[in-house]
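# Report on the structure
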Amino acid sequence: MKFNLSELSFFNLYVKDNDWFPLQNHGLIDKEIKLQKEDSDFPNQITTYLNLFKNIDINNLSVLDIGCGWGRGPHKIKKYFKNSDVTGMDINFLFIDFAKSNFKNCKYIQDDLFETKINNNSFDFIVSNCSMHFFYDQDVIYKNIKNILKPKGKLLITDIWNSKSFLTFLDKCKQHNFKILSIEDLTNPTIEAIERDIEEVLPKFIDKVSSKSIDAFLEIQKERLTFFRHNINRQYKFIVQIR
């Protein structure tokens, strides 16, 4: 069976009624980021979110997480950057309902980035954590991101890329006058994070959730690890400014 973290069926089977709160990215090792003790359940996935804001001051600024899924990512951004205004957005209203029920420190909205209802000039930052690969080649997404962001706003992306999608994204940024401020290859620390998930993180839940749930996440991580090791995919982080 092929598993997909973005599918409602996966959420219903392996997340919604289980005693855990996993995230939908593949994780990252960054020893400079220090997590609080209660975030040791999925440390590598939480680190991925915090790494996006490394050396960036978001004090008193607004952040929109597009494709926030089950919602724990925006919750962690708000937790570690208390003076920021954080909103999670996803197209799936059931994901948003789950997020609103479980994470109370930030806002969540159901919205479709292809036909967004978000007002222009609403956010200082847009975060895309493993969601850009769904729409990197769609011009309307770049147009809507540009509209949603305030002048000089920034788009922070971490995602899996193959050679074609990577070059297409660079071309789309050029077409839409997005200025790429930095590109960072995070493949190796992502591989390390996946290996730790397989060996240490996921097995520790054996007494809390069903073995089927653990196995579903393990299968996803093992498949992604194969793609990374064979250089089919790489993990890149982009910081992009809207001109």
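Figured I'd write up the structure that's included with this text.

Basis of the calculations
- Residues numbered from 1 in each chain as written.
- Predicted model: local features only at pLDDT ≥ 70, side-chain atom pairs only at ≥ 80, totals over all residues.
- Heavy atoms only, no water.
- Pairing = 2+ DSSP bridges.
- Helix = DSSP H or I, 4+ residues; strand = E, 2+ residues; numbered from the N terminus.
- Right-handed = clockwise from strand over helix to strand, strands pointing away.
- Buried < 20%, exposed > 50% of the residue type's maximum accessible area, 1.4 Å probe, protein only.
- Polar contact = N/O pair within 3.5 Å; in protein donor to acceptor, adjacent residues only side chain to side chain.
- Contact = heavy atoms within 4.5 Å.
- Phe/Tyr/Trp six-rings, centres within 6.5 Å; stacked < 30°, edge-to-face > 60°.
- Core = buried A, V, L, I, M, F, W, Y, C linked by side-chain atoms within 4.5 Å.
- Axes fitted to C-alpha atoms, helices over the stretch in contact; angles between N-to-C directions.

## Concerning the pairing of strand β3 (residues 107-110)
Here strand β2 (residues 85-90) runs beside β3; their pairing, made up of 4 bridges, is parallel. Across the sheet, the residue bridging to Thr87 is Lys107, located in β3. Crossover connection from β2 via helix α4 (residues 93-102) to parallel β3: handedness right-handed.

## Notes on unusual backbone geometry
The phi angle at Asn55 is positive, at roughly 65°, despite the residue not being glycine. With respect to the helices and strands, the residue Asn55 is situated in the loop between α2 (43-52) and β1 (62-66). The phi torsion at Asn177 lies on the positive side, around 60°, for a residue other than glycine. By the element assignment, Asn177 lies in the loop between α6 (163-175) and β6 (178-185). The partly exposed category is assigned to Asn177, whose relative accessible area is 36%.

## Some thoughts on the side chain of Thr158
The topology assignment puts Thr158 in strand β5 (residues 149-161). In terms of polar contacts, Thr158 uses its side chain to reach the side chain of Gln235, at 3.0 Å. If we ignore the near neighbours within four places in the chain, the residues touching Thr158 are Thr48, Leu52, Ser128, Asn129, Cys130, Leu186, Gln235, Tyr236 and Lys237.

## Focus on the packing of aromatic side chains
Under the criterion given, the structure shown has 26 aromatic pairs. A centroid spacing of 5.1 Å and a plane angle of 70° characterise the contact between Phe10 and Phe217, whose relative ring orientation is edge-to-face. One end of the pair, Phe10, is in helix α1 (residues 8-14); the other, Phe217, is in helix α8 (residues 211-229), and 207 residues separate them in sequence. Residues Phe10 and Phe217 agree in their burial class; the two are buried. Ring geometry for Phe166 and Tyr236: centres 4.7 Å apart, planes at 40°, overall tilted. Residue Phe166 is located in helix α6, and its partner Tyr236 is located in strand β7 (residues 234-242); the two are separated by 70 residues in the primary sequence. On the basis of relative accessible area, Tyr236 is assigned to the buried category, the value being 16%. One aromatic cluster in this structure is built from Phe10, Phe11, Tyr14, Trp20, Phe21, Phe42, Trp70, Phe95, Phe98, Phe103, Phe205 and Phe217.

## Notes on the nonpolar core
In terms of nonpolar packing, the biggest core is built from 49 residues, with Phe10, Trp20, Phe53, Trp70, Leu156 and Phe217 touching the most fellow members. When residues of this core are traced back to their parent elements, those giving at least two are α1, α2, α3 (72-80), α4, β4 (123-129), β5, α7 (187-201) and α8.

## Re the sheet that holds β6
Spatially, 7 strands are ordered β3-β2-β1-β4-β5-β7-β6 in an open sheet, and the strand pairing comes out mixed. Looking at the sheet topology across the chains shown, the edges are occupied by β3 and β6. The sheet shows a mean angle of 20° between the axes of neighbouring strands, direction not considered. Two strands pair when backbone bridges link them, and β6 and β7 are joined in this way by 7 bridges, in the antiparallel orientation. Looking at β7, one finds that Phe178 is bridged to Ile242. The strands touched by helix α5 (residues 139-148) within the sheet are β1, β4, β5, β6 and β7, with β5 carrying the most contacts at an inclination of about 135°.

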